[in-house]
Amino acid sequence: MKKKVLLMTLIGLVLLGAVLAAALNAVFTVTDVKVSFSVISNEGRAESLALQEELEEKFVGRSTTFLDLSEVNAAVGEHPAFRVERVEKDFPRTVVLSVTERRELYAVPLETGKFAILDEEGNYLYDKEENVNRCGGANILLEGFDLHREGSGVTGKYFPEVLSFVGVFSERLGDARANLMTISLEPTPNPIMGDGFFRLLLKEQVTVAVYFPANLTRMKAEKVLEKYLSLSDTQRLYGFFDVYDLENGEFTVSEHRPELPI
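Residues numbered from 1 in each chain as written. Predicted model: local features only at pLDDT ≥ 70, side-chain atom pairs only at ≥ 80, totals over all residues. Heavy atoms only, no water.

With that out of the way, let us pick up the overall build of the protein chain. Scanning the protein chain from terminus to terminus reveals five helices and 14 strands. Residue pairs in contact within the protein chain that sit at least 24 positions apart in sequence constitute 51% of those at least 6 positions apart. As displayed, the protein chain has an accessible area near 14,500 Å², and 56% of this comes from carbon and sulfur atoms. (Helix = DSSP H or I, 4+ residues; strand = E, 2+ residues; numbered from the N terminus. Contact = heavy atoms within 4.5 Å. Areas by Shrake-Rupley, 256 points an atom, 1.4 Å probe, with all protein chains shown as cover.)

What follows deals with the pattern of salt bridges. Opposite charge on two side chains permits them to pair, given that their charged atoms come into close proximity. In total, this model carries 20 salt bridges according to the counting rule given. Arg-134 is paired through a salt bridge with Glu-43; the nearest N and O atoms lie 3.4 Å apart. Linking Arg-134 in the loop between β6 (124–128) and β7 (140–143) with Glu-43 in helix α2 (residues 42–59), this pair joins segments that are 91 residues apart in sequence. Residue Glu-43 is classed as partly exposed on the basis of its relative accessible area of 40%. Across the salt bridge formed by Arg-257 and Asp-242, the nearest N and O atoms sit 3.3 Å from each other. (Salt bridge = Lys/Arg side-chain N within 4 Å of Asp/Glu carboxyl O. Buried < 20%, exposed > 50% of the residue type's maximum accessible area, 1.4 Å probe, protein only.)

So, on to the packing of helix α4 (residues 159–173) against helix α5 (residues 217–230). Remark: α4 packs on α5, axes separated minimally by 9 Å, with the N-to-C direction vectors making an angle of 45°. Here α4 lies oblique to α5, going by the angle between them. Crossing of α4 over α5 shows right-handed handedness. For the pair α4 and α5, contact is made by Glu-161, Ser-164, Phe-165, Gly-167, Val-168, Phe-169, Glu-171, Arg-172 and Leu-173 and by Thr-217, Arg-218, Lys-220, Ala-221, Glu-222, Val-224, Leu-225 and Leu-229, respectively. Of the residues that constitute the contact of α4 with α5, the class distribution is eight nonpolar, three polar and six charged. (Axes fitted to C-alpha atoms, helices over the stretch in contact; angles between N-to-C directions. Parallel < 35°, antiparallel > 145°, perpendicular 65-115°, else oblique. Left-handed = near helix turned anticlockwise from the far one by under 90°. Nonpolar A, V, L, I, M, F, W, Y, C, P; charged D, E, K, R; others polar.)

A separate point is the sheet that holds strand β3 (residues 94–101). As summarised here, the arrangement of the three strands in space is β1-β3-β2, forming an open sheet in which the pairing is mixed. Of all the strands in the sheet, the pair left with one neighbour each is β1 (32–38) and β2 (82–90). Strand-to-strand, the axes of this sheet are offset by a mean angle of 15°, without reference to chain direction. The sheet contacts of α2 involve β1, β2 and β3, and relative to β1 the element is tilted by about 160°. Across the sheet, helix α3 (residues 69–77) lies against β2 and β3, angled at about 155° from β2, the strand it touches most. (Pairing = 2+ DSSP bridges.)

As a further point, take the packing of aromatic side chains. Counting across every chain of the model gives six aromatic pairs. Ring geometry for Phe-165 versus Phe-169: centroids 5.8 Å apart, planes at 25°, classification stacked. Taken together, the positions of Phe-165 and Phe-169, both in helix α4 and four residues apart, correspond to about one turn of that helix. For the pair shown, Phe-165 and Phe-169 are each scored as buried. Considering the side-chain rings of Phe-165 and Phe-198, the 6.4 Å spacing of their centres and the 80° angle between planes classify their relative orientation as edge-to-face. Of this pair, Phe-165 sits in helix α4 while Phe-198 sits in strand β11 (residues 197–202), placing them 33 residues apart in sequence. (Phe/Tyr/Trp six-rings, centres within 6.5 Å; stacked < 30°, edge-to-face > 60°.)

Overall, the prediction assigns the protein chain a mean pLDDT of 90, with 89% of residues at 70 or greater. Confidence over residues 12–24 falls short of pLDDT 50; this stretch has zero contacts with residues more than four positions distant or in other chains. (pLDDT = per-residue confidence, 0-100.)

Written out as structure tokens, the structure is:
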């Protein structure tokens, strides 16, 4: 008799647990995925709509309690043009995200004829047939650099200096692409001038050589921009100036002149 009572009690507890689990699951089930998108291009707007639908299909109906937010991050990560800024659960039924469209900034020519597109932080995004920015115009072309991908990251000699240099233009101009078209890493004509220098092509065709680019990088970028902005409209259409180091550890910016260096 006691065994029967104990058995019935256990069955009752199991049934009660099942009922409670079903009730909790009904309450703590994702019914809404709220995404706040920050987009900067028409292409980004179209992709954000598709991403919203995809997230709803994947996560609505899942348990809010047991949902691993890394899955949500991974789902957004399948769209390289976007970056998750914030993701959290708003119990009992909602997942909330903030997603930003990455800003294209650099294009690296590939042997295939395509271009590897990088964002403003130097992360690899995707390959493109042409160097066309999602917001219009072209990305800053990087030539002569030996760059390597490590996941979405990019490494290579003088690449951190590129990011630092261009960062000054972005801070001062809002969009470095407004004036900076190409950065080439070229061998120096004389070994005492280092193992490579940056040759910049600005929008109006002025060319700038920056020697020892790893030394005082941001300061050199600021002086390059200051010099460029001081030129007349006519001077910006031609010519050349360079930035070179002095023996005292400082550097100087040359006068604008019509001829290019040999």
